Amino acid sequence: MDFSVTCLHASEKLLNEELSKLLKLTKVSSTSCLTDSVLDKGLKKIDLIMVVKSLVNVCEKNIELCKSAAEKIDELKDNTMNCQKKLLDAQKNQINSVEKTVKLN
């Protein structure tokens, strides 16, 4: 999986959909209302199994997305360091050129 902001938004949407399903099943309006008693009374065993499996699936996808993001960050850091090295080398060559010109005159 290649990380992108689009993937991040898709992951967020998927997580929100799963949480909405849970809220609908428990008949509460927000996740802050999800208490032990609400979950105990509001969910049948089969519903709980379905919710847990769905959330585990989302978590696994998010782990892969995080790994992909970390790889992308490392790649960008390497690219930045290579560009900075090239810039420093070019500046050093310019300085050497100026020094040679000044010594000749």
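As shown above, the structure is provided for reference.
Colleague: So what exactly am I meant to see when it comes to the packing of helix α1 (residues 5-26) against helix α3 (residues 45-104) here?
Modeller: Helix packing geometry: the angle between the two helix axes and the distance between the axes. In the contact formed by α1 and α3, the axes pass within 10 Å of each other and the chain directions differ by 165 degrees. As far as their axial angle goes, α3 and α1 are roughly antiparallel. Pair α1 / α3 crosses with left-handed handedness. Of the residues in α3, those touching α1 at C7, L8, S11, L14, L15, E18, L22 and L25 are D47, M50, V51, S54, L55, V58, K61, N62 and L65. Along the lines of polarity and charge, the residues of the contact of α1 with α3 split into 11 nonpolar, three polar and three charged.

Colleague: Help me out: how do you make sense of a negative patch on the surface in this one?
Modeller: On the surface, a cluster of negative charge is contributed by D2, E71, D74, E75 and D78. Tracing the backbone through its elements, the reader meets E75 in helix α3. With a relative accessible area of 40%, E75 lands in the partly exposed category.

Conventions we followed
Residues numbered from 1 in each chain as written. Predicted model: local features only at pLDDT ≥ 70, side-chain atom pairs only at ≥ 80, totals over all residues. Heavy atoms only, no water. Axes fitted to C-alpha atoms, helices over the stretch in contact; angles between N-to-C directions. Helix = DSSP H or I, 4+ residues; strand = E, 2+ residues; numbered from the N terminus. Parallel < 35°, antiparallel > 145°, perpendicular 65-115°, else oblique. Left-handed = near helix turned anticlockwise from the far one by under 90°. Contact = heavy atoms within 4.5 Å. Nonpolar A, V, L, I, M, F, W, Y, C, P; charged D, E, K, R; others polar. Patch = residues over 30% accessible without salt bridge, like charges linked within 9 Å, V, L, I, M, F, W, Y side chains within 5 Å. Areas by Shrake-Rupley, 256 points an atom, 1.4 Å probe, with all protein chains shown as cover. Salt bridge = Lys/Arg side-chain N within 4 Å of Asp/Glu carboxyl O. Lys, Arg positive; Asp, Glu negative; His and termini not counted. Charge placed at Lys NZ, Arg CZ, Asp CG, Glu CD. Buried < 20%, exposed > 50% of the residue type's maximum accessible area, 1.4 Å probe, protein only.

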